Amino acid sequence: MRRIRTAIADDEPLARERIASMLEEKPDYEIAAVCKDGREAVAAIHTERLDLIFLDVKMPELDGFQVLEALGAGPTPAIIFVTAFDDYALRAFDVSALDYLLKPFDRARFEKTLARFEAQWNGARKSGAAELGVSEELRKFLSELEARNGETYTSRFAVKSNAGIYFIRADDIEWIDSAGNYTALHSGGRKHLIRETIKSVEARLDPRKFVRVHRSAIINLDKLRKLQPYFHGEYVVTMQDGTTLTS
């Protein structure tokens, strides 16, 4: 049987080393990648054909929630979360049948978590499933947990291209418009397409900074240059990049 390809994503060196040292004692596991932030975790998932990732919920660049967001609906490895959340969140993890390691964790907890994963892994292999992946229930739960911890609005958008995935900071977006089945993020004179509806994008943005001026256009108020009255109570909106929109 082939070894289980595993990655460790955590910004704390001691946490990475602790997980790695315990995994190295397991002949059925192969450490394919060690990542210090969310960007490296996304890259590893896309390039290393992982079966499992230990994913820290709180990391610089991209946190655990944003890593899942960046992956979208594509193939994903099984995930064991590494977290320092409070008791409420941990109970929610248990109720949702999600797995986690609570920092600081001991060997007994590590072994229990790994045994839980292996039971699911072996069951998936017997049923012929290609991967355990990330369920919609899990994505929904993480989104709700993220909001509870005061991170309601997206700080970055993941944009897929032929060269890979790159990230656009929400604050750098000048304006947004609908483009068929996609939404276009306009930033730095370039148009970046993401496969989401404009309504979905709007829900992820801070309404104190972003305003929908038309059913198919959103502007960043920090990038607004001028607002001029137009006909019938409408306005012409001029952005800093020279784009004009009618509200």
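That block above? That's the structure.
Predicted model only: the values in this text are computed from it and were never measured. (Residues numbered from 1 in each chain as written. Predicted model: local features only at pLDDT ≥ 70, side-chain atom pairs only at ≥ 80, totals over all residues. Heavy atoms only, no water.)

What about the pairing of strand β2 (residues 29–35)?
Applicable threshold: Strand pairing follows a simple DSSP-based rule, namely that at least 2 bridges must link the two strands. Put simply, DSSP marks the helices as runs of H or I at least four residues long and the strands as runs of E at least two long, and each gets a number from the N terminus on. Consider the strands pointing away from the viewer: the crossover is right-handed when the path from the first strand over the helix to the second runs clockwise.
The pairing of strand β1 (residues 4–9) with β2 spans six bridges and is parallel. Its bridge partner lying in β2, Ala7 is registered against Ala33. Remark: the β1/helix α1 (residues 13–23)/β2 crossover connection has right-handed handedness.

Some thoughts on the sheet that holds strand β8 (residues 175–179)
Selection rule: Inter-axis angles, ranging from 0 to 180 degrees, are taken between N-to-C directions of lines fitted to C-alpha atoms, where helices are fitted over the stretch in contact.
Read from one edge to the other, the open sheet built from five strands follows the order β10-β9-β8-β12-β11, with strand pairing classed as antiparallel. Of all the strands in the sheet, just β10 (190–194) and β11 (210–214) have a single pairing partner and so form its edges. Put simply, the sheet's adjacent strands are angled 25° from each other on average, direction ignored. Alignment of strand β9 (residues 182–187) against β10, held across five bridges, turns out to be antiparallel. Across the sheet, the residue bridging to Leu185 is His192, located in β10.

Notes on helix α2 (residues 38–47)
What counts here: For each residue, the accessible area found with a 1.4 Å probe, counting protein chains only, is set against the maximum for its type, and the residue is called buried under 20%, exposed over 50%, and partly exposed in between. The directions from the helix axis to the C-beta atoms form the arc being described. In protein, a polar contact requires one atom able to donate a hydrogen and another able to accept it; more generally it is a pair of N or O atoms within 3.5 Å, and residues adjacent in sequence count only if both atoms are side-chain atoms.
Those residues of α2 lying buried are Gly38, Ala41, Val42, Ala44 and Ile45. The arc that holds every buried residue of α2, seen down its axis, measures 165°, which confines them to one face. One side-chain oxygen at the N-terminal end of α2 lies 3.1 Å from the backbone nitrogen of Arg39; it belongs to Asp37. Immediately downstream of α2, the backbone of Arg49 shows phi near 50°, a positive value.

Notes on the nonpolar core
We count it as follows: Think of a nonpolar core as a cluster: buried Ala, Val, Leu, Ile, Met, Phe, Trp, Tyr and Cys residues, connected wherever their side-chain atoms sit within 4.5 Å. Only heavy atoms matter for contacts: two residues are in contact if any of them lie within 4.5 Å across the pair.
The biggest cluster of nonpolar side chains holds 23 residues, and the ones touching the most others in it are Ala9, Ile53, Leu55, Val67 and Phe81. Setting aside anything within four residues of it in sequence, one finds Val67 in contact with Gly38, Ala41, Val42, Ile45, Leu55, Met59 and Leu62. Grouped together as the second largest cluster of nonpolar side chains are 18 residues, Ile8, Met22, Phe54 and Trp121 included.

Here we look at the pattern of salt bridges
For the record, the criterion: The salt bridge definition used is simple: a Lys or Arg side-chain nitrogen within 4 Å of an Asp or Glu carboxyl oxygen.
One pass over the structure, following the stated rule, counts 11 salt bridges. Arg5 is paired through a salt bridge with Glu30; the nearest N and O atoms lie 3.2 Å apart. Within this pair, whereas Arg5 is found in strand β1, its partner Glu30 is found in strand β2, the two being separated by 25 residues in sequence. For Lys36, the salt bridge goes to Glu40, with nearest N and O atoms at 2.5 Å. In the salt-bridge network here, residues are joined through shared partners; they are Arg169, Asp171, Asp172 and Lys209.

Describing the environment of Lys199
When you line up the elements, Lys199 lands in helix α7 (residues 198–203). Remark: the alpha-carbon pair of Lys199 and Thr183, spanning 16 residues in sequence, is separated by 9.4 Å.

Points about the side chain of Asp56
Among the secondary structure elements, Asp56 is positioned in strand β3 (residues 52–56). In this structure Asp56 comes out as buried when scored by relative accessible area, which is 3%. In this view, Asp56 contacts Ala9, Asp10, Asp11, Gly64, Val82 and Lys103; residues no more than four positions away in its chain are not counted.

Digging into α1
Of the positions making up α1, those classed as buried are Ala15, Arg16, Ile19, Ala20, Met22 and Leu23. Relative to the axis of α1, the buried residues are bounded by an arc of 165° and lie together on one face.

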